[in-house]
Amino acid sequence: MTAPLPSSSPLAAAAIWRAVELIEEDGPLDDTAALRQAIAAKPDDRGRLLERARLLGQRLGLDREWARWRRLGGWVLLGLALAVAAASWLLAQGLLGGGRQINAVAAFLSLLGLHALSWLVWLCSLFIRWGSGAGSGGALLGRLALRLTARLPLDRGPHALQLARATREVLVRARLAPWVFGGISHLAWALSFAVLLVGLLLGFALRAYSLGWETTILAPDTLAGFVHASGRLPALLGFPVPDDRALLAGANGAEPRAWAWWLIGSVAVYGLGLRLLSAACCALAWRRGARRLLPDLATPYARRLLARIAALAPVQVLDEERPDATPQAAARTPASPTDGTRSIGFELPPELDWPGPSIAGSQAEREAFLQSLAAAPPRRLLIACNAPSTPDRGTARFLREAAALAGETALLPLGPAADAPRWRSWLTASDLAAIAIHDDATRAQAWLEAVGAPAP
Amino acid sequence: MTRMKIAVVGHTNAGKTSLLRTLARRRDFGEVSERPGTTRHVEAIELRAGEAAEIRFLDTPGLEDSVALWHHLQHAVAGDDRPARVRAFLAGPEARAAFEQEAKVLRQMVDADAAFYVIDSREPVLPKHRAEIEILNGCARPLMPVLNFVRDPTSRAEAWHQALAAAGLHAQTRFDAVAPFVGAEQQLYQDLATLLPARRVQLQAVGVFLEQERGQRREADARLIAATLVRLAALRRELPEGADPAAAERELQQLALKRVRDAADALLDIHGFRYDDLLLKQLPWQDGRWDRDLFHPDALLAAGRRLGLGAAIGASLGVVADLAVGGLSLGAGAALGGALGSFASQGWRQIGTKIANQLKGVRELTLGNPLLFLAAAQLTSLARALERRGHAALQTLVQDAEVDAAHDAALQRAVQAIQPARSRPEWEKRSSEDERCRELVAAMARLLEPALRVDP
């Protein structure tokens, strides 16, 4: 097994991300460990998603599959190139008839015709969207190369087809498909032209051919113009162009050398050169567009994962709870209790109708009230409070200190929603269970006034 | 990137943890309840806004005994100014005894870049609150009062405005943690930026990031609903000759329901809510209400009217028998009908049924347009409700049963656009490899997006 895929390849990362998504459509994978690892490894959302996919892909063998493609891809490309070269050679042979007499113009057309046609189709695919919208209409060879590589049975992984589909989709979505598949096609064609050129050179070097042209309906001038025009670019690179004498010699083949060089030059420039140039353009476009391969975060799949990632973010506990910190009441020595009763409103909202005296709860008010209690401790003390308020430790402190200065103490939560049980449980939790709760103002008043009756 | 530290402080039970749940979009953060003093230790949670900013929120226990603490700070602790007194208090013995809980708050305060002071605006402004404000001001850190529960009818926001202004806190913000306004988070960070000019750029980045996240969630919702609708429209089951049409119809209904339910669960996932959450158990598609709703003749009839089909449609609206003759799908006709308008679509189907009876061809069941419309209406309304819902909300999500006609036009267009899927039974699969299917889903998602916008 070779080393796992380099994580730097954006295409591999994007393809594996999409392949894992496709695999998870049949049911989610167990990703608890992968998700935690990914969160620890990468700081950003996109990086985490890609990392998770990479880890899951490792488990599923997608990275091995990708490495296999990289190994096989070159051979598949070479095979395709040879097939193309053989096809065009056979085509040329068929047209030429196999004899030593070669129609140079027909050879030109048969060697470059198929190539020109497929190149034009690829060019159109850059601008025109085909009906299927596949976006890679022209680059037949490129798509064939991917399909063949994925399907080759050598050491094939279980998810090869999903990975191939993912790669294709990722490229289409990034609008890179015509460039990548086109680039592969151009490379295959360039290779095939290299083979053809070697063949042509060898053939012309070692055998004597008689080259010329013949026509039935075309005017000689037309052909001469065509040869001149086509020879101009190769001439810049030093390839000789057949001169007028050779052209006028027609089928007699007076100057086969010039014809042969024109043919070789044309194949080199219009075949090999054009394909290499196109491949370079594709490489450039690929480099510029590789950014677009980053996964789309606005898909339902990505958002669901991101929501899970967010839910896994750690919550730190900084300042632990210390249950031993217990409240304490200020020690006050009350005078001997009297038979009186007191009632007081504590922290009541202004709109609440409370007939008795009331304090808002400032330190001075609390102190004054507690001192008055200490001076004449009542038999019964009723404290009214705002029921919807949340009881807090400040209230508890006041209740504790007041209750210490009275015979019996009761609490009356007042308000629209008399929330007696909540206050009851809070009193119990605050070690103030001795304080009674009244949920009705009139009954509380009766309790307060009842103290006088049994008293002597 | 530097990390911002923001302490969240306030009186007990004012909604500090709720605010953080909503800001962090985490339902499980901390413990939220009606009980006082639920949070007794300091918890930290990080909010990472892309690459640009990172905020560390510190959830603190409530300031409960503020009156006594303020008295203690004024009289029992020495120091040249108030911050010095706070530091002296934190170093003193009472910080580990009577005021242990308050000390936890102040320790975070003096260390933070700024603090959110969460206020339950339903509470009357009492001396204990004034003491709280004085203590917090004494820490000499930027303090942003956050008025919570301002939507409550008993809110006293005005009184709080005055009290805070009197203490020199003129910058204030409103935030309903449980039912946040749309865009309230943005406002919160903008207001914070006025207090922290040095952090303005980072806080703006947070705002941009939040908007981007919201947009991506909406896009994901739209794509999910669009894909679900396309799969529903493509659903097609052959009705064998002599088979019980009612049983086949029920089977198709169950299949459709399951897909709608799956989509609803996915929406919950996208928005970071859990379906196994006890508090969300009563959702309509889980307690079986949708089973009754989605195929209820009245609901379908109403949906048909909203779709513009007119009242006089046959009884079987949920599932309609379609026609295929000799394996040749006539769905193309339905697609054409969809393009021509729903009337033509319905009209064609009636003609088709007649032909079917004549030819005794194969009958197929598909889902009718009113059903697609109803599913779209329910799913988009759920997505809107989830986007609006704060992650601190404890009440059951109640989906508005009444008709919200504001989005009908968008949904109508979507249902019309979906018709081509009817002739493509292979699109029923979860993710079709067909590029046209993906394009239809993308186009549908664009049509649905206006229906997912949440109005402020």
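Above this text you will find the structure in question.
Given the structure is predicted, the values throughout are model-derived calculations rather than measurements.

Trainee: Where do I start with the overall build of chain A in this structure?
Mentor: In terms of helices and strands, chain A carries 16 helices and eight strands. Scored against the burial criterion, the 456 residues of chain A give a buried share of 47%.

Trainee: Please clarify how helix H13 (residues 363–375) of chain A should be interpreted in this entry.
Mentor: Because each turn of an α-helix spans 3.6 residues, side chains separated by three or four positions end up pointing in the same direction. All names here are of chain A. With 13 residues, H13 should cover 18 Å at 1.5 Å per step; its first-to-last C-alpha distance of 18 Å lies within 8% of that length. Regarding H13, the residues found buried are Arg 366, Phe 369, Leu 370, Leu 373 and Ala 374. Buried positions in H13, seen along its axis, are confined to an arc of 140 degrees and lie on one side of it. Every exposed residue of H13 that faces more than 90 degrees away from the buried side is listed here: Ala 364 and Ala 375.

Trainee: Quick question: what am I supposed to make of the pairing of strand E4 (residues 114–120) of chain B here?
Mentor: When a strand is regular, its side chains alternate between the sheet's two faces. Residues and elements named next belong to chain B. Counted residue by residue, E4 has seven buried out of seven residues, so it is predominantly covered. Across the two faces of E4 the burial is the same, with Ala 114, Phe 116, Val 118 and Asp 120 and Ala 115, Tyr 117 and Ile 119 all buried. Where strand E1 (residues 3–10) lies against E4, five bridges are found, and the strand directions are parallel. Counterpart to Ile 6 in the pairing with E4 is Ala 114.

Trainee: Would you mind going over the sheet that holds strand E4 (residues 341–346) of chain A with me for this structure?
Mentor: Hydrogen bonds along the backbone pair up the strands of a sheet, which may run parallel or antiparallel. All names here are of chain A. If you walk across this open sheet you meet the five strands as E5-E4-E6-E7-E8, and the pairing is parallel. The open sheet has two free edges, formed respectively by strand E5 (358–359) and strand E8 (436–437), since each of these has just one partner strand. Note: E4 against strand E6 (residues 380–386), six bridges, orientation parallel. Residue pairing across strands places Arg 342 opposite Leu 381, the latter belonging to E6.

Trainee: What exactly am I supposed to notice about helix H9 (residues 245–270) of chain B here?
Mentor: The first and last C-alpha atoms of H9(B) sit 38 Å apart over 26 residues, in line with the 38 Å expected at 1.5 Å per residue. Immediately downstream of H9(B), the backbone of B:Gly272 shows phi near 75 degrees, a positive value.

Trainee: Can you help me understand the sheet that holds strand E6 (residues 173–174) of chain B in this one?
Mentor: If you trace the seven strands from one edge of the open sheet to the other, you get E3(A)-E2(B)-E3(B)-E1(B)-E4(B)-E5(B)-E6(B), paired in mixed fashion. The open sheet has two free edges, formed respectively by strand E3 (316–319) of chain A together with E6 of chain B, since each of these has just one partner strand. Pairing of strand E5 (residues 143–148) of chain B with E6(B), which is carried by two bridges, proceeds in the parallel orientation. Following the sheet pairing, B:Val146 is matched in E6(B) by B:Thr173. Relative to strand E3 (residues 53–59) of chain B, helix H1 (residues 16–24) of chain B is tilted by about 155 degrees, and along the sheet it contacts E1, strand E2 (42–49), E3 and E4 of chain B. Together, E4, E5 and E6 of chain B form the strand contacts of helix H6 (residues 157–166) of chain B, whose direction differs from that of E5(B) by roughly 165 degrees.

Trainee: Where do I start with the pattern of salt bridges in this structure?
Mentor: For side chains of opposite charge, pairing can occur when their charged atoms come near one another. Counting across every chain of the model gives 36 salt bridges over all chains. In this structure, A:Arg303 and B:Glu213 form a salt bridge, with 2.9 Å as the shortest nitrogen-oxygen distance. Of the two residues, A:Arg303 is situated in helix H12 (residues 300–312) and B:Glu213 in helix H8 (residues 200–234); the pairing between them involves two chains. Ionic pairing is found between B:Glu219 and B:Arg223, a salt bridge with its closest N-O pair at 3.0 Å. Linking B:Glu219 with B:Arg223, this pair stays in helix H8, spanning four residues, or about one helical turn. One continuous salt-bridge network, built from bridges that share partners, spans A:Arg18, A:Glu21, A:Arg165, A:Glu169, A:Arg173 and B:Arg438.

What counts, and at which threshold
Residues numbered from 1 in each chain as written. Chains lettered and ligands numbered in written order. Predicted model: local features only at pLDDT ≥ 70, side-chain atom pairs only at ≥ 80, totals over all residues. Heavy atoms only, no water. Helix = DSSP H or I, 4+ residues; strand = E, 2+ residues; numbered from the N terminus. Buried < 20%, exposed > 50% of the residue type's maximum accessible area, 1.4 Å probe, protein only. Expected span 1.5 Å × (residues − 1). Arc of directions from axis to C-beta. Pairing = 2+ DSSP bridges. Contact = heavy atoms within 4.5 Å. Axes fitted to C-alpha atoms, helices over the stretch in contact; angles between N-to-C directions. Salt bridge = Lys/Arg side-chain N within 4 Å of Asp/Glu carboxyl O.

Distances and angles like these do not, on their own, reveal function.
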